Amino acid sequence: MKAARLYGVEDIRIEDIAVPEIAEDEVLIKVKASFICGTDVRFYKNGSPSDQPLVAGHEIAGVVEKVGSRVGGYKPGMRVGVAPNYGCGVCDLCTSGNSHMCKESKALGVTVDGGFAEYMRVPAPAVAQGNITELEETISFEEAALAEPLSCVYNAYEKIGIYPGDHVLVVGAGPIGLMHLRVAFLAGAAKVYVTDLSEERLALAKELIPEVITIPSGELDEAVKKYTDGRLMDLIITAASVPVIQETAFKYVGLNGRVMFFGGLPKGKSVVGLDTNEIHYKQLTVAGTTRQSLRQYRTCLKLIASGRLKVSDLVTASAPLDKINDIIANVAAGKGLKSVITI
Ligand SMILES: [Zn+2]
Ligand SMILES: [Zn+2]
């Protein structure tokens, strides 16, 4: 089979390798769609933290090709989405539905081979934990693969809450920022705002989500006061990996407001100066989230399949596996929104 294997910094090779063998408690997936994520770009630029060569790609959907003799519930030909994170299966975190936070947590496309290949082996613990989900007829492979990043966003929503009538500001108009905007509208926010350094990205956000209010970053101070009559935001979500965004977030949030640090910061840049009196005197709630639980992943598949939350228009580029180097370079240069490898 063809596979894109990461050997090191900016070194992805398209190779012909054997189709993975599966054990009796494993499943083989024929990959149909696998999106490029910021994590894949980081691996491309810095190498992966796990053993190389690595088949990256953790936003995956496909068809069940082969099912181990001891696996129930799946059959060949079934259309499925595959959630990447799985745990040991027995610790308190795993048994409480937080396998993504298990100390032994592993992830397809991150610590074991993932979706940038024609076929992917789903290891036994991931099969047993239910990482493979049958798709409804109303969801495409591409939409299903986007349930992975959407469920990261949904995790943040569940943690920090978005309530009817809220004024919500999202910092960063990339694909993740746009997903936060859509979730905020769905949750009943009164006004939803987005800011970004890139005029181009703001224009695209407005085109895809006309009801959003776009604010160029240079005008943020006045705009936030003006739009909220001086009360400031109920919630700010940082969806960009920039330290200064976290440092300044508190000043745009009003009394009893909330702050979600969604985008992690680059290694070595995560110690930032925060005015903690803003938290104290404004009674702010500050939270962070990472990845998603399986429950959240499955909820997002349902949300997309129901048509209540659109993600298909976030796909701005599509290419076959052998063009992966070009397409990753484009994503790294900030071009477009979501780019998919179709297999
Ligand atoms: Zn991702
Ligand atoms: Zn565990």
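Residues numbered from 1 in each chain as written. Chains lettered and ligands numbered in written order. Predicted model: local features only at pLDDT ≥ 70, side-chain atom pairs only at ≥ 80, totals over all residues.

Engineer: Would you take a moment to explain unusual backbone geometry for this structure?
Structural biologist: A negative phi holds for most residues other than glycine; trans holds for most peptide bonds. Residue Pro 53 follows Gln 52 across a cis peptide bond; omega there is 0°. Position of Pro 53 among the secondary structure elements: in the loop between α1 (38-46) and β4 (59-67). One non-glycine residue, Asp 229, lies in positive phi territory at about 55°. With phi around 55°, Arg 291 is a residue other than glycine that occupies positive phi space. (Helix = DSSP H or I, 4+ residues; strand = E, 2+ residues; numbered from the N terminus.)

Engineer: How do you make sense of α1 when you look at a structure like this?
Structural biologist: Since there are 3.6 residues in each turn of an α-helix, residues three or four apart along the chain are aligned in direction. When we look at burial in α1, the residues that qualify are Asp 40, Phe 43 and Tyr 44. Buried positions in α1, seen along its axis, are confined to an arc of 100° and lie on one side of it. Buried positions along α1 lie against β1 (2-8), β2 (11-16), β3 (27-36) and α12 (324-332). At the C-terminal side of α1, Gly 47 shows a positive phi close to 85°. (Buried ≥ 20, exposed ≤ 12 C-beta atoms within 10 Å, placed from the backbone. Arc of directions from axis to C-beta. Contact = placed C-beta atoms within 7 Å.)

Engineer: I'm lost on helix α5 (residues 147-160) in this one. Help?
Structural biologist: Under the 1.5 Å per step criterion, the end-to-end length of α5 is 20 Å for 14 residues, consistent within 8% with the ideal 20 Å. The element α5 is extensively covered by neighbouring structure, given that 12 of its 14 residues are classed as buried. Looking only at α5, the buried set comprises Ala 147, Glu 148, Pro 149, Leu 150, Ser 151, Cys 152, Val 153, Tyr 154, Asn 155, Ala 156, Tyr 157 and Ile 160. Backbone geometry just downstream of α5 places Gly 161 in the positive-phi region, at approximately 80°. (Expected span 1.5 Å × (residues − 1).)

Engineer: Looking at this structure, how should I read the environment of Thr 290?
Structural biologist: Looking at the secondary structure, you find Thr 290 in the loop between β15 (285-288) and α11 (294-305). Note: C-alpha distance between Thr 290 and Cys 102 (188 residues apart in sequence) is 12 Å.

Engineer: Explain the nonpolar core to me, please; I cannot follow it from the model alone.
Structural biologist: A general feature of soluble globular proteins is that nonpolar side chains tend to end up buried together. Counting residues in each nonpolar core, the largest one holds 106 residues, and the members touching the most others are Val 168, Ile 236 and Ile 237. Of all the elements, α5 adds the most residues to this core, at 8 residues. When near neighbours in sequence (up to four residues on either side) are disregarded, Val 168 contacts Ile 162, Ala 184, Ala 189, Val 192, Met 233, Asp 234, Leu 235 and Ile 237. (Core = buried A, V, L, I, M, F, W, Y, C linked by C-beta atoms within 7 Å.)

Engineer: Sorry if this is basic, but what is going on with the pairing of β3 here?
Structural biologist: Side-chain direction in a regular strand flips from residue to residue, so the side chains alternate between the two faces of the sheet. Most of β3 is tucked away: 8 of the 10 residues are buried. Relative to β4, β3 is paired through 8 bridges, and the arrangement is antiparallel. Within β4, the residue paired with Lys 30 across the bridge is Val 63. Taken together, the 4 bridges between β3 and strand β8 (residues 119-122) define a ladder with antiparallel strand orientation. Counterpart to Lys 30 in the pairing with β8 is Tyr 119. With 4 bridges joining them, β3 and strand β17 (residues 338-342) adopt antiparallel strand pairing. Within β17, the residue paired with Ala 33 across the bridge is Thr 342. (Pairing = 2+ DSSP bridges.)

Engineer: Help me understand the pairing of β4, please; the structure alone is not making it clear to me.
Structural biologist: Pairing analysis gives 4 bridges linking β4 to strand β5 (residues 79-82), with the strands arranged antiparallel. The residue bridging Ala 61 from the neighbouring strand is Gly 81, located in β5.

Engineer: I would appreciate a short explanation of the sheet that holds strand β10 (residues 167-171) in the present structure.
Structural biologist: For sheets, the rule is that strands pair by backbone hydrogen bonds, running either parallel or antiparallel. Ordered by their spatial adjacency, 6 strands build an open sheet running β12-β11-β10-β13-β14-β15, and the pairing between neighbours is parallel. Looking at the sheet topology across the chains shown, the edges are occupied by β12 (213-216) and β15. Across this sheet, the average inter-strand angle for adjacent strands is 20°, counted without regard to direction. Looking at chain direction, strand β13 (residues 233-238) and strand β14 (residues 253-261) are connected through 5 bridges and run parallel. Along β14, the bridge assignment pairs Ile 236 with Val 259. (Axes fitted to C-alpha atoms, helices over the stretch in contact; angles between N-to-C directions.)

Engineer: I keep staring at the domain arrangement of the chain and nothing clicks. Help me out?
Structural biologist: When the parts come together, some accessible area is lost, and that loss is often what is quoted as the size of the interface. Split into domains, the chain comes out as domain 1 (2-146 + 311-342) and domain 2 (156-288). Class assignment of the residues belonging to the side of domain 1 that touches domain 2 gives a composition of 2 nonpolar, no polar and 2 charged. (Domains from an automatic or database assignment. Nonpolar A, V, L, I, M, F, W, Y, C, P; charged D, E, K, R; others polar.)

Engineer: Can you walk me through the environment of Lys 335 in this structure?
Structural biologist: Examined against the element boundaries, Lys 335 turns out to sit in the loop between α12 and β17. Judged by C-beta crowding, with 13 C-beta atoms within 10 Å, Lys 335 ranks as partly exposed. Considered as a pair, Lys 335 and Tyr 193 are 142 residues apart in the sequence and their alpha carbons are 22 Å apart.

Engineer: Would you take a moment to explain the packing of α5 against helix α6 (residues 175-186) for this structure?
Structural biologist: In a packed pair of helices, the relevant descriptors are the angle between the two axes and the axis-to-axis distance. Remark: α5 packs on α6, axes separated minimally by 9 Å, with the N-to-C direction vectors making an angle of 50°. What the angle tells us is that α5 and α6 run oblique. Read as a crossing pair, α5 and α6 show a hand that is right-handed. Across the interface between the two elements, Pro 149, Leu 150, Val 153, Tyr 154 and Tyr 157 from α5 touch Pro 175, Ile 176, Met 179, His 180 and Val 183 from α6. Residues of the contact of α5 with α6, tallied by class, amount to 9 nonpolar, 1 polar and no charged. (Parallel < 35°, antiparallel > 145°, perpendicular 65-115°, else oblique. Left-handed = near helix turned anticlockwise from the far one by under 90°.)

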